[in-house]
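Results of the structural survey
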Amino acid sequence: MSEQPPENTSAGATNASSRSAKKFNPMEQPSRAIRPHGIEDARKLATEAARVAIENNGQNVLVLDVSGQSAEFDFFVISTGTSRRQLHAISEQIDDALEKGLGDYRMGIEGYQESSWIVLDYGSLVVHLFDEETREYYDLESLWADGKRIPLEDLGLTPND
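Residues numbered from 1 in each chain as written. Predicted model: local features only at pLDDT ≥ 70, side-chain atom pairs only at ≥ 80, totals over all residues. Heavy atoms only, no water.

Regarding the overall build of the protein chain
Keep this limit in mind: Numbering of helices and strands runs from the N terminus, with a helix taken as a DSSP run of H or I at least four residues long and a strand as a DSSP run of E at least two residues long. Buried means the residue's accessible area, taken with a 1.4 Å probe over protein chains only, is under 20% of the maximum for its type, while exposed means over 50%, and partly exposed covers the values in between. Only heavy atoms enter the contact rule, under which two residues are in contact if any of them lie within 4.5 Å. Only the protein chains shown count as cover for residues, and the accessible areas themselves come from Shrake-Rupley with a 1.4 Å probe.
Along the backbone of the protein chain there are five helices and six strands. Shown N-terminal to C-terminal, the secondary structure of the protein chain runs as helices and strands in the order α-α-β-β-α-β-β-β-α-α-β. Per-residue burial for the protein chain yields a buried fraction of 38% across its 161 residues. Considering only intrachain contacts with a sequence separation of at least 6, the fraction spanning at least 24 residues in the protein chain is 62%. For the protein chain, the accessible surface area stands at approximately 9900 Å², while carbon and sulfur atoms represent 49% of it.

Here it is in structure tokens:
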């Protein structure tokens, strides 16, 4: 006798015929990989976020392809700001550019009030905005050293450092 999920009348409940056609396995969960539009769309988001960081005088802007190391996200954009005000401006401008320009909405934000490390989560892209001391301390570049650094020039961008 195969294990069956409990009857449920809420949205997403399976009907009896689909349950009998396939054995229910409670350990099977849908993939959390976030690549609904492919890696190229994630690369476009990363390019735009890096462009905005550069235009707002972000320092040491880095685009890191971590798609080979993570099923959750594909790219990091990392940038350093010189003040709380600058970090806020960069985060707000990135959010605006990705939403209005590319139709992508931020899924979450952390660290905005503290402003030493602001994390913007767009699913396939995670943007890390640091003050200099915090970036040096956490050293994400080394932590994710297996990721592929994408030269800004390959994205059509000119670094400002």
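After that view of the structure, there is still more to cover.
Description of the side chain of R135
Formally: Any pair of N or O atoms that falls within 3.5 Å is considered a polar contact. Within protein, one atom must be able to donate a hydrogen and the other to accept it, and sequence-neighbouring residues count only if both atoms are side-chain atoms.
Looking at where R135 falls in the secondary structure, it is placed in helix α4 (residues 132-138). In terms of polar contacts, R135 uses its side chain to reach the backbone carbonyl oxygen of N60, at 2.8 Å. For R135, the residues in contact, after removing those within four places along its chain, are Q59, N60, L62, I78, S79, T80, F130 and E141.

Some words on the packing of aromatic side chains
Put simply, the test is: In this analysis, rings of Phe, Tyr and Trp, with Trp reduced to its six-membered ring, are considered paired at centre separations within 6.5 Å, and the interplanar angle assigns stacked below 30 degrees, edge-to-face beyond 60, and tilted for intermediate values.
Evaluation of the coordinates by the stated rule reveals six aromatic pairs. Aromatic pair F73 and W144: ring centres 5.8 Å apart, planes at 65°, arrangement edge-to-face. On the criterion of sequence distance, the pair formed by F73 in the loop between β1 (59-65) and β2 (75-81) and W144 in the loop between α5 (140-143) and β6 (148-150) is long-range, its members being 71 residues apart. For F73, a relative accessible area of 18% puts it in the buried group. Judged by relative accessible area, which is 21%, W144 ranks as partly exposed. Each residue in the set W117, F130, Y137 and Y138 is aromatic and connected to the rest through ring pairs, giving one cluster.

Considering the confidence of the model for the protein chain
Keep this limit in mind: As a per-residue measure, pLDDT tells how confident the predictor is, with possible values from 0 to 100.
Looking at the protein chain as a whole, the pLDDT averages 83, with 76% of positions reaching at least 70. Segment residues 1-21 is flagged for pLDDT under 50; beyond a separation of four residues in sequence, or across chains, it makes 10 contacts in the model. Contacts for the low-pLDDT stretch residues 29-34, under 50 throughout, to residues beyond four places or in other chains number eight contacts.

Brief notes about a negative patch on the surface
Basically, it comes down to this: Like-charged residues are merged into a patch within 9 Å and nonpolar side chains (Val, Leu, Ile, Met, Phe, Trp, Tyr) within 5 Å, provided each residue has over 30% relative accessible area and no salt bridge. Any carboxyl oxygen of Asp or Glu within 4 Å of a side-chain nitrogen of Lys or Arg constitutes a salt bridge here. Think of it this way: Lys and Arg go in the positive column, Asp and Glu in the negative one, and His and the chain ends go nowhere. Taken as the charge location is NZ of Lys, CZ of Arg, CG of Asp or CD of Glu.
Residues E132, E133, E136 and D139 make up a contiguous surface patch of negative charge. Mapped onto the secondary structure, E136 falls in helix α4.

Some remarks on the pattern of salt bridges
In a structure, side chains of opposite charge can pair up when their charged atoms sit close to one another. Considering all chains together, one arrives at six salt bridges under this definition. In this structure, D95 engages R106 in a salt bridge whose closest nitrogen and oxygen atoms are separated by 3.0 Å. Taken together, the positions of D95 in helix α3 (residues 84-102) and R106 in the loop between α3 and β3 (108-110) put the pair 11 residues apart, joining distant regions of the chain. A residue is classified by how much of its surface remains accessible, and R106, at 34% relative accessible area, is partly exposed. Several salt bridges share partner residues, and in doing so they unite E48, R51 and E55 into one network.

Some points on the packing of helix α2 (residues 39-55) against α3
Rules: Every angle, taken between N-to-C directions, lies between 0 and 180 degrees, and every axis is a line fitted to C-alpha atoms, over only the stretch in contact when it is a helix. Note on angle classes: values under 35 degrees are labelled roughly parallel, values over 145 roughly antiparallel, values of 65 to 115 roughly perpendicular, and the remainder oblique. It is the rotation of the near helix from the far one that decides the hand of a crossing: anticlockwise by less than a right angle makes it left-handed, clockwise makes it right-handed. Under the grouping applied here, Gly and all other residues not named as nonpolar or charged are polar, the nonpolar ones being Ala, Val, Leu, Ile, Met, Phe, Trp, Tyr, Cys and Pro and the charged ones Asp, Glu, Lys and Arg.
Contact pair α2 / α3: the axes reach a minimum separation of 9 Å and the direction vectors enclose 140°. As judged from the angle between their axes, α2 and α3 are oblique. Pair α2 / α3 crosses with right-handed handedness. Mapping the contact onto sequence places K44, L45, E48, A49, R51, V52 and A53 in α2 and I90, Q93, I94, A97, L98 and L102 in α3. Residues belonging to the contact of α2 with α3 are distributed by class as follows: nine nonpolar, one polar and three charged.

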